[in-house]
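# What the coordinates show
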Amino acid sequence: MNIQKYILVKPFLFVTGLVVTSLALAHGGAEGVVKARMDGMSAMGKAMKSIVKEIKSRSELDTAAIYQSSQIVVKHSSMIPKMFKEESIEGPSEALPKIWVQWDDFSALAVKTQDEAEKLGGLANEGADKKQLMKQFAAVGKTCKGCHTDYRIAKD
Ligand code: HEC
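In this report, the structure presented in the accompanying data block is examined. (Residues numbered from 1 in each chain as written. Predicted model: local features only at pLDDT ≥ 70, side-chain atom pairs only at ≥ 80, totals over all residues. Heavy atoms only, no water.)

Our focus in this paragraph is the overall build of the chain. A count of helical and extended segments in the chain gives four helices and two strands. Secondary structure elements of the chain, listed N to C terminal, follow the sequence β-β-α-α-α-α. Per-residue burial for the chain yields a buried fraction of 36% across its 156 residues. In the chain, the proportion of contacts linking residues at least 24 apart, taken out of those at least 6 apart, comes to 68%. (Helix = DSSP H or I, 4+ residues; strand = E, 2+ residues; numbered from the N terminus. Buried < 20%, exposed > 50% of the residue type's maximum accessible area, 1.4 Å probe, protein only. Contact = heavy atoms within 4.5 Å.)

With 23 residues, helix α3 (residues 103-125) extends 33 Å from end C-alpha to end C-alpha; this agrees with the ideal 33 Å at 1.5 Å per step. Where α3 is buried, its residues touch α1 (32-56), α2 (63-83) and α4 (130-151). A positive phi of about 75° marks G127, the residue just after α3. (Expected span 1.5 Å × (residues − 1).)

Attention now moves to the site of the ligand. The full set close to the ligand counts 24 residues, and M41, S93, C144, C147 and H148 are the nearest of them. One of the side-chain nitrogen or oxygen atoms of R37 is found 2.8 Å away from an oxygen atom of the ligand. Here an oxygen atom of the ligand and a backbone polar atom of E94 are 2.6 Å apart. (Near = heavy atom within 4 Å. Polar contact = N/O pair within 3.5 Å; in protein donor to acceptor, adjacent residues only side chain to side chain.)

Let us now look at the coordination of the iron atom of the ligand. At this site the iron atom of the ligand is bound by M41 (SD) and H148 (NE2), with donor distances of 2.0 to 2.3 Å. The exposure class assigned to H148 is partly exposed, which follows from its relative accessible area of 30%. (Donors = N, O, S within 2.8 Å, 3.2 Å for Na, K, Ca; no water.)

Tracing the backbone shows E54 in helix α1. Within the buried core, E54 has no salt-bridge partner, and the shortest N-O distance to an opposite charge, that of K130, equals 6.9 Å. Beyond its immediate stretch of four places on either side in the chain, E54 contacts E60, L61, D62 and I66. (Lys, Arg positive; Asp, Glu negative; His and termini not counted. Salt bridge = Lys/Arg side-chain N within 4 Å of Asp/Glu carboxyl O.)

Scanning the model with the defined rule gives three salt bridges in all. Among the salt bridges present, the one from K119 reaches E116, with a minimum N-O distance of 3.7 Å. You can see K119 and its partner E116 sitting in helix α3, three residues apart, about one turn around the helix. For K119, a relative accessible area of 46% puts it in the partly exposed group. Owing to a relative accessible area of 16%, E116 belongs among the buried residues under this scheme.

In structure tokens form, the structure reads like this:
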């Protein structure tokens, strides 16, 4: 295996308008693009949580809030291919090197998440009911899980 692949040191990365100039220690010391993508993933995780909370809430359904959260998922999933472009698994990264062996499959899974999240946003815009929204929420969640199963270090 090519050792150079694993020594990717880029102190300053310009990621889609986001200038990472700080070495702020978040996510256990992740830096640069690894930190940026963990932040993006975390934002999607939070958005998904707030969507399911909203759908399950007993009060009147706030479809505008669901739409907004779905757009966070659309945005960050569309950025996944860029965020993993370099073979970067240093620090606390849980990304598996096979991402870069099966790149087409990996990036197709990102597109799938984006598509399903767009569908969810569309349903929310149309004022779909809880049942329809929950079904589509599950479809989005399935795409997250699908990629994590294959390309992220399994958690205990
Ligand atoms: C195309 C593959 C792919 C898709 C789709 C994907 N993820 Fe991830 N996700 C990963 C990988 C790989 C990591 C590990 C990244 C790392 O540690 O460098 C990760 C990490 C995470 C993390 C942990 C971040 C951290 O701070 O350690 C969360 C939370 C997460 N994903 C949520 C989601 C959610 C929610 C979705 C769907 C809306 C999603 N992901 C879709 C591949 C994906």
